[in-house]
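A closer look at the structure
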Amino acid sequence: MLYRGRYAPSPTGWLHLGNARTALVAWWRARSLRGRFILRVEDLDRPRTVVEAVSGNLDELRWLGIDWDEGPDVGGPHAPYLQSEREDLYRATLDRLRVKGSIFECYLSRKELRELSSAPHGQTPTYGPSERAANERATRRKVQGGKSPSLRYRVPDTVIEFEDAWAGPQAASALTDIGDIVVYRADGAWAYQLAVVADDIAMGVTEVVRGDDLLPSTAAQILLYRALGAAPPSFAHLPLLKGTDGGRLSKRRGSLTLKALREVGVPAGRVVGLLAYSLGLLENPAELSAAEALRHFDPSHIVWTPFRLAEPHLAWLGARPK
Ligand code: GLU
């Protein structure tokens, strides 16, 4: 079977070094297996979308030396490649779930959900039987109050087990670990889980390579594949790159973006070399193109612990971004 991989940025800001690392690995993986590489822009969250980042993210990736066989600018058999233009597919996918009687309206706000549960502070609890019951109690009052619901997929009582190509064996209980899945948000946006599954099915993706911040979403996605009667792709999750303070890099905080590095004159080859080194693919940082680094790509050499950037790494890039 022809390998079909993808990188799917959310244009909520400029890509940072961690995004670049994931994109490179996804690209090396597809190219090393002589597969196709798809670029899909996940611009469904309108309030958070930064309009210039939609094409800006593509420029950043091109600067890094990544190319794609299908994408918003080059087209392809599964166009369009912008999620904001694929609503018909999401509606049809929702209808297929609805026919099975597994979609329901949820009127509970995040605040109400937090109050209902013993989930740790700030976390929204898993949506299970007690949340379903609370929603039923609140529905009539909320409908009268004119509140718009979100739509959720009611998960069956089952256990999802899968083998992540890199993170190893995984298991999650649908009722206690995953909970009923939001497929359409109360603010009128299609939910990530529904869109990503609908698109990966439609685009024939055979393997999903992405950061392991999305590992917890994978079991929910597998439930949706099953509900839609589709075989899930394989999954390969990569540990994240950490900032010098040990925290997550954030697009919103604008940390270490490719745009900023490029503007202060850092060569793309240094970024590629540093990231290949951070993955354990090079013994030392070196300056080389993404295509040259492909020779060094061997998933069995990847170091499966998060890599924390340090000052010498940034100094090696040769310019200090603001
Ligand atoms: N759009 C998501 C992000 O930028 C990635 C989704 C995915 O790879 O499944 O975090």
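Refer to the preceding data block for the structure.
Below: a short report on this structure. (Residues numbered from 1 in each chain as written. Predicted model: local features only at pLDDT ≥ 70, side-chain atom pairs only at ≥ 80, totals over all residues. Heavy atoms only, no water.)

Re the site of the ligand
To keep things clear, this is the line we draw: Residues are labelled near a given molecule or strand when at least one of their non-hydrogen atoms is within 4 Å of it. Within 3.5 Å is the distance limit for a polar contact, defined as a pair of N or O atoms, with the added protein rule that one can donate a hydrogen and the other accept it, and that residues adjacent in sequence qualify only through two side-chain atoms. Every accessible area reported is derived by Shrake-Rupley at a probe size of 1.4 Å, with residue values counting cover from the shown protein chains alone. Classes in brief: Ala, Val, Leu, Ile, Met, Phe, Trp, Tyr, Cys and Pro nonpolar; Asp, Glu, Lys and Arg charged; the others, Gly included, polar.
Taken together, Arg6, Ala8, Pro9, Ser10, Glu42, Tyr192, Val196, Arg210 and Leu214 form the complete shell of residues around the ligand. Between the ligand and the protein, one listed contact pairs a nitrogen atom with a backbone N or O atom of Ala8 at 2.7 Å. A distance of 2.6 Å separates a nitrogen atom of the ligand from a polar atom in the side chain of Glu42. Starting from 300 Å² of accessible surface for the ligand in isolation, the protein chains cover 81%. Here the residues of the shell around the ligand are counted per class, giving five nonpolar, one polar and three charged.

Notes on the nonpolar core
This is how it is decided: Among buried residues, the Ala, Val, Leu, Ile, Met, Phe, Trp, Tyr and Cys ones that are joined through side-chain atoms within 4.5 Å form a nonpolar core. The buried label goes to any residue with under 20% of its type's maximum accessible area, the exposed label to any with over 50%, and the partly exposed label to all in between, with areas taken from a 1.4 Å probe on protein chains only. A run of H or I in DSSP counts as a helix once it spans at least four residues, and a run of E counts as a strand once it spans at least two, with each numbered from the N terminus. Contacts between residues were defined by any pair of non-hydrogen atoms, one from each residue, lying within 4.5 Å.
Within the largest apolar cluster, 51 residues are counted, with the highest numbers of intra-cluster contacts made by Leu17, Trp28, Leu64, Ile66, Leu258 and Val271. Those elements that place two or more of their residues in this core are α1 (17-32), β2 (36-39), α2 (51-64), β9 (234-238), α9 (258-263), α10 (268-278), α11 (290-293) and α12 (311-317). Here this core takes nine residues from α1, the largest share from any one element. Beyond its immediate sequence surroundings of up to four residues, Leu17 is in contact with Leu241, Leu249, Leu256, Leu258, Leu261, Val271, Leu275 and Leu309. Ranked by size, the runner-up nonpolar core spans 37 residues in total, among them Tyr153, Val183, Trp190 and Phe235.

Section: unusual backbone geometry
Of note, the amide linkage connecting Ala79 to Pro80 takes the cis form, showing an omega dihedral of 0°. Structurally, the position occupied by Pro80 is in the loop between α2 and α3 (87-99). Positive phi outside glycine occurs at Arg34, with the angle close to 55°. Position of Arg34 among the secondary structure elements: in the loop between α1 and β2.

So, the environment of Ala133
When you line up the elements, Ala133 lands in helix α5 (residues 129-144). Judged by its relative accessible area of 32%, Ala133 is partly exposed. Along the sequence, Ala133 and Arg152 sit 19 residues apart, while their C-alpha atoms lie 14 Å from each other.

Some points on the sheet that holds strand β7 (residues 181-184)
Across a sheet, strands are paired by hydrogen bonds formed along the backbone, either parallel or antiparallel in direction. Definition in use: Strand pairing follows a simple DSSP-based rule, namely that at least 2 bridges must link the two strands. Between N-to-C directions, angles cover 0 to 180 degrees, with each direction set by a line fitted to C-alpha atoms, over the stretch in contact for helices.
Spatially, three strands are ordered β3-β4-β7 in an open sheet, and the strand pairing comes out antiparallel. Each of the sheet's edge strands pairs with one partner strand only, and the pair in question is β3 (103-106) and β7. In this sheet, adjacent strand axes meet at a mean angle of 45° when their direction is disregarded. Two elements, strand β4 (residues 150-153) and β7, share three bridges in a ladder whose sense is antiparallel. When the bridges of β7 are listed, Leu151 appears paired with Tyr184.

Quick notes on the pairing of strand β8 (residues 207-211)
For clarity, the cut-off: A crossover gets the label right-handed when its path from the first strand over the helix to the second runs clockwise, viewed with the strands pointing away from the viewer.
Among the five residues in β8, five count as buried, and that is most of the element. Where β8 and β9 come together, five bridges link them in parallel fashion. Opposite Gly211, over in β9, you have Leu238 as the bridge partner. Taking the sense of rotation as the criterion, the β-α-β connection linking β8, helix α8 (residues 215-227) and β9 turns out right-handed.

Here's the deal with the packing of helix α7 (residues 192-202) against α8
Which entries qualify depends on this criterion: In what follows, roughly perpendicular refers to angles from 65 to 115 degrees, roughly parallel to angles under 35, roughly antiparallel to angles over 145, and oblique to any angle outside these ranges. The crossing is said to be left-handed when, going from far helix to near helix, the turn is anticlockwise and less than a right angle, and right-handed when the turn is clockwise.
At a closest axis distance of 10 Å, the pairing of α7 and α8 adopts a crossing angle of 60°. The angle between α7 and α8 places the two elements in the oblique class. As for the relative orientation of α7 and α8, their crossing is right-handed in sense. Contact residues: α7 offers Tyr192, Gln193, Leu194, Val196, Val197, Asp200 and Ile201, while α8 offers Ser217, Ala220, Gln221, Leu224 and Tyr225. Looking at side-chain class alone, the contact of α7 with α8 contains eight nonpolar, three polar and one charged residues.

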